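What follows is the residue order along each chain.
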Amino acid sequence: DSLPPQKKEGRLYGAVCAAPAVALQPNGLMDQIEAATCHPGFMHALASPSEARVVLSQNCLTSRGPGTTFEFALAAIAILSGEESTVAEVAGPMVLPASFDPSRFAEKLGRH
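Quick caveat: nothing in here was measured; it's all calculated off a predicted structure. The residue numbering used here restarts from 1 in each chain and proceeds along that chain's sequence as written. This being a predicted model, a pLDDT of at least 70 is required before a residue's local features are given, and a value of 80 or more before pairs of side-chain atoms are given or counted; all residues contribute to the totals for chains, interfaces and linings. Computation of side-chain values: all heavy atoms of the structure, hydrogens and water removed.

Engineer: Honestly, the side chain of Thr68 in this entry has me stumped. Any pointers?
Structural biologist: Relative to the helices and strands, Thr68 resides in the loop between β3 (60-63) and α3 (69-81). Not counting chain neighbours up to four residues away, the residues in contact with Thr68 comprise Arg53, Val54 and Ser63. In this description a helix means any DSSP run of H or I spanning at least four residues, a strand means any run of E spanning at least two, and both kinds are numbered starting from the N terminus. Throughout, a contact is declared for two residues whenever any of their heavy atoms are within 4.5 Å.

Here it is in C-alpha cells:
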C-alpha cells in the first residue's frame, strides 16, 4: 500500500529479485517504465526487461537478485544523496571487492 503513493509523488521506489515481476508489474507500478530487471527466472514476466544488474527507470529502481543487493543499496544511496562521496563512505566498510570504484558507479547503473 505504500508504493503507489511513492510512484505517484515521484519518489524513489523499487524491488529486488522476483518482486519487480510478481509485485510491481501486476500492481501497475511499472506502467510507463522504460526498462526494469529482476531474477532471470522471472524476466519473461516484465514488459520491458533489461539484463543490467541494477536499473533505474524514472523513479523505479530494480535489481536482479541476492547477488546484486549491495549494488541496489548503493544505487539507492547515490540517487537519494546525489553524492559520489556518500556512496564511497558507505561502500568502504562493506568490504566490497577491490575492483569496486564508486566514481564509476553511475556508469554501472543501467539508466533508462
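Engineer: Would you mind going over the environment of Val16 with me for this structure?
Structural biologist: Turning to its location among the elements, Val16 is positioned in strand β1 (residues 13-16). Residues Val16 and Leu3 lie 13 residues apart in sequence; the distance between their C-alpha atoms is 14 Å. Aside from chain neighbours lying at most four places away, what touches Val16 is Ser63, Gly65, Thr69 and Phe72.

Engineer: Looking at this structure, I do not really get α3. What am I missing?
Structural biologist: An α-helical turn contains 3.6 residues, so a residue and the one three or four places further along point in the same direction. The end-to-end C-alpha separation of α3 is 18 Å, in line with the 18 Å expected for 13 residues at 1.5 Å each. Once α3 finishes, Gly82 follows within two positions and takes phi at roughly 70°, a positive value. By this rule the span expected of a helix is its residue count minus one, scaled by 1.5 Å.

Engineer: Looking at this structure, I do not really get the side chain of Ser57. What am I missing?
Structural biologist: Assignment of secondary structure puts Ser57 in strand β2 (residues 54-57). When a residue's accessible area, from a 1.4 Å probe over protein chains only, is under 20% of the maximum for its type it is buried; when over 50% it is exposed; and in between it is partly exposed. For Ser57, a relative accessible area of 0% gives the class buried.

Engineer: What am I meant to see in the nonpolar core here?
Structural biologist: The nonpolar side chains of a soluble globular protein tend to be buried, and buried together. Note on terminology: a nonpolar core comprises buried Ala, Val, Leu, Ile, Met, Phe, Trp, Tyr and Cys residues joined through side-chain atoms within 4.5 Å. In terms of nonpolar packing, the biggest core is built from twelve residues, these being Tyr13, Ala15, Ala21, Leu24, Leu29, Met30, Ile33, Ala36, Cys38, Met43, Leu46 and Cys60. Secondary structure elements with two or more residues in this core: β1 and α2 (19-24). With residues near it in sequence (within four places) discarded, Met30 still touches Lys7, Pro20, Leu24, Gln25, Ala36 and Leu46. Counting seven residues, the second largest nonpolar core, distinct from the first, contains Val54, Leu56, Leu61 and Ala75.

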